[in-house]
Amino acid sequence: MDAQVQVRESLRWLDGLEAGSLPTNDLYFLAEKLDPVLISLMIRYLRKKYPSAKPEAAGVLARMLELTSTYPQLVKKTREAEHDPVSEWFLETYSFAEFYSKPGELVQVIVDKLEG
């Protein structure tokens, strides 16, 4: 998948999970097209941005739970991706909090590294 398409589709996926704009099956099929490292880091980003103590986290966490319980193969792929060198590089270099107001930049940084 072309880098710009991957960025666009990743942001669509992220928004679908965060805002609830995509149903679970669409989120899954879109995730299947994206790099597992990207999906893994976006899920971690959402978990950091929406800890369970925050009232606004309920919807996001419910959608993540529905996605991961309906599609356990997605969980397996993202767990494997946690040990990828790009995941490790990102976690050593950045804080997710840097991207809370700019998810497009988060996705672009990851895609650039994956493509590089």
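Residues numbered from 1 in each chain as written. Predicted model: local features only at pLDDT ≥ 70, side-chain atom pairs only at ≥ 80, totals over all residues. Heavy atoms only, no water.

Overview of the overall build of the protein chain
When helices and strands are tallied, the protein chain shows 7 helices and 0 strands. For the protein chain, the α and β elements follow one another from N to C terminus as α-α-α-α-α-α-α. With the principal axes as the frame, the protein chain shows a C-alpha extent of 35 × 25 × 25 Å. Across the 116 residues of the protein chain, 40% fall into the buried class. (Helix = DSSP H or I, 4+ residues; strand = E, 2+ residues; numbered from the N terminus. Buried < 20%, exposed > 50% of the residue type's maximum accessible area, 1.4 Å probe, protein only.)

Focus: helix α6 (residues 85-93)
Among all positions in α6, only V86, S87 and F90 are buried. Buried residues of α6, seen end-on, are gathered within an arc of 100 degrees and therefore sit on one face of the element. Counted as exposed and oriented over 90 degrees from the buried face of α6: P85 and E92. Along its buried surface, α6 packs onto α3 (36-49), α5 (72-81) and α7 (103-115). Looking at where α6 begins, the residue whose side-chain oxygen comes 2.8 Å from the main-chain nitrogen of V86 is D84. (Arc of directions from axis to C-beta. Contact = heavy atoms within 4.5 Å. Polar contact = N/O pair within 3.5 Å; in protein donor to acceptor, adjacent residues only side chain to side chain.)

Here we look at the packing of aromatic side chains
Applying the stated criterion across every chain, the model contains 10 aromatic pairs. Ring geometry for W89 against F90: centres 6.3 Å apart, planes inclined by 65 degrees, an arrangement best described as edge-to-face. Residue W89 is classed as partly exposed on the basis of its relative accessible area, which comes to 24%. Pairwise contacts between aromatic rings join Y45, W89, F90, Y94, F96, F99 and Y100 into one cluster. In this structure, K113 packs its charged tip against the face of W89, placed 4.7 Å from the ring centre. (Phe/Tyr/Trp six-rings, centres within 6.5 Å; stacked < 30°, edge-to-face > 60°. Lys NZ or Arg CZ within 6 Å of the ring centre and 35° of its normal.)

Focus on the environment of P51
Mapped onto the secondary structure, P51 falls in the loop between α3 and α4 (57-70). Counting along the chain gives 37 residues from P51 to E88, while the straight-line C-alpha distance between them is 22 Å.

Looking at the side chain of Q6
Tracing the chain through its elements places Q6 in helix α1 (residues 3-19). Once residues lying within four places of it in the same chain are set aside, the contact partners of Q6 are M1, L34, D35, L38, V111 and E115.

Comments concerning the nonpolar core
In this structure, W13, I39, M42, L46, L67 and F90 are the most contacted members of the largest nonpolar core, which totals 35 residues. Those elements that place two or more of their residues in this core are α1, α2 (24-33), α3, α4, α5, α6 and α7. Considering every element that reaches this core, the biggest residue donor is α3, with 8 residues. (Core = buried A, V, L, I, M, F, W, Y, C linked by side-chain atoms within 4.5 Å.)

What to know about the pattern of salt bridges
Taken as a whole and judged by the stated rule, the model has 6 salt bridges. Across the pair E9 and R8 runs a salt bridge whose closest N-O atoms are separated by 3.6 Å. Linking K102 and E105 is a salt bridge whose minimum nitrogen-to-oxygen distance equals 3.7 Å. Taking the relative accessible area as the measure of exposure, K102 reaches 34% and is therefore partly exposed. Salt bridges sharing partners connect three or more residues here, namely R8, E9 and R12. (Salt bridge = Lys/Arg side-chain N within 4 Å of Asp/Glu carboxyl O.)

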